[in-house]
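Given next are the chains, with one letter for each unit.
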Amino acid sequence: LPEKPESPVPAEDTAKKKQELMAEKRNLEDFQKKAELTKDVERFRARIERYDYLISALEDKGEVKSGIMERYLSMFTRTCNLRAASFAPGYELKFIQEDGVRILMKTPANNGFIPLESLSSGETIIAVCLITDLLNQLSNTRLLFLDNVEALDTEALGNLRRLMEQPDFLDSYDHIFICGVNHEDVRNAFKDMDAQYISD
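What comes next is a walk through the structure. Predicted, not measured: the structure shown is a model, and the values here were computed from it.

## Topic: a nonpolar patch on the surface
Stage number 1. A contiguous nonpolar surface patch, about 870 Å² in accessible area, is contributed by Y51, Y53, L54, I55, L58, V64, I68, Y72 and M75.
Stage number 2. Within the residue set of the nonpolar patch, elements represented by two or more residues are α1 (11-57) and α2 (63-87).
Stage number 3. A residue is classified by how much of its surface remains accessible, and V64, at 35% relative accessible area, is partly exposed.

What follows is the structure in structure tokens.
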């Protein structure tokens with residue numbers, strides 16, 4: 001049998017000590033939970049940052065779509081300018097992202113690129129021809145319609161005829177329709193050409 005302690009601990013002191021130990025145990029358990037939750041929070045925070053970045057990158061004006069657009073627009077620019085070199089020397093097109101796609105053109109008459117809406121009638125016809133040819137190449141459409149060629153000057157009309165007679169250009173199309181007012185300069189530009197002439 002246990003012997004009676006020499007200095008017995010009062011019952012209220014034992015209860016108090018027990019409460020203190022229980023509180024310390026709860027505090028330790030809570031601290032361990034807090035440490036685990038802190039790790040989870042940091043892990044989730046890192047994931048959220050990655051997701052936020054991905055969401056912003058994949059937005060309409062985000063890095064991914066902008067990068068894809070830039071790549072294709074540079075291809076379109078190169079294709080148009082290769083054709084321009086044979087059809088209209090000194091002319092260059094540029095496609096840029098600006099609330100959609102904006103098309104600019106450089107002509108022999110100006111030093112820099114200007115919007116299409118600022119071009120003369122003849123310059124606009126050249127731009128339309130180059131863009132239509134690009135769209136036809138992309139869609140494999142083998143028909144080309146070009147109207148209002150009377151707006152072109154004599155040199156541009158001559159360049160257009162030379163383009164229409166190039167074998168690699170002709171191989172891209174089944175039918176090419178050139179339309180314009182029946183002016184003498186238009187007739188002269190295309191006379192004796194191997195083509196079918198339709199007039200009213």
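## What about the nonpolar core?
Stage number 1. In terms of nonpolar packing, the biggest core is built from 32 residues, with F87, M105, I126, L152 and L160 touching the most fellow members.
Stage number 2. When contributions to this core are tallied by element, the ones reaching two or more residues are α2, β1 (92-97), α3 (121-139), β4 (143-146), α4 (154-164) and α6 (184-190).
Stage number 3. At seven residues, the largest contribution of residues to this core is made by α3.

## As for the side chain of N81
Stage number 1. Here N81 shows up in helix α2.
Stage number 2. According to the relative accessible area criterion, N81 is buried, its value standing at 17%.
Stage number 3. Residues within four places of N81 in sequence aside, it is in contact with Y91, E92 and L93.

## Describing the side chain of R161
Stage number 1. Structurally, the position occupied by R161 is in helix α4.
Stage number 2. A relative accessible area of 17% means that R161 is categorised as buried.
Stage number 3. Within polar-contact distance, the side chain of R161 engages the backbone oxygen of D192 at 3.4 Å.
Stage number 4. Each residue touching R161, except ones within four places of it in the same chain, is listed here: A189, F190, K191, D192 and M193.

Criteria and cut-off values
- Every chain is numbered independently, its residues counted from 1 as its sequence is written.
- Only residues with pLDDT of at least 70 are given local features in this predicted model, and only at 80 or more are side-chain atom pairs given and counted; all residues enter the totals for whole chains, interfaces and linings.
- To get the side-chain values, take all heavy atoms of the structure and skip hydrogens and water.
- Patch definition: residues above 30% relative accessible area lacking any salt bridge, with like charges linked at up to 9 Å and the nonpolar side chains Val, Leu, Ile, Met, Phe, Trp and Tyr linked at up to 5 Å.
- Here the Shrake-Rupley method, with its probe set to 1.4 Å, supplies the accessible areas, and only the displayed protein chains count as covering residues.
- The rule for a salt bridge is simple: a side-chain nitrogen of Lys or Arg has to be within 4 Å of a carboxyl oxygen of Asp or Glu.
- Put simply, DSSP marks the helices as runs of H or I at least four residues long and the strands as runs of E at least two long, and each gets a number from the N terminus on.
- For each residue, the accessible area found with a 1.4 Å probe, counting protein chains only, is set against the maximum for its type, and the residue is called buried under 20%, exposed over 50%, and partly exposed in between.
- Among the buried residues, those of types Ala, Val, Leu, Ile, Met, Phe, Trp, Tyr and Cys that are joined through side-chain atoms within 4.5 Å form a nonpolar core.
- Contact criterion: two residues are considered in contact whenever any of their non-hydrogen atoms come within 4.5 Å of each other.
- Between N or O atoms, a polar contact is any pair within 3.5 Å; within protein, one atom must be a potential hydrogen donor and the other a potential acceptor, and residues adjacent in sequence are included only when both atoms are from side chains.

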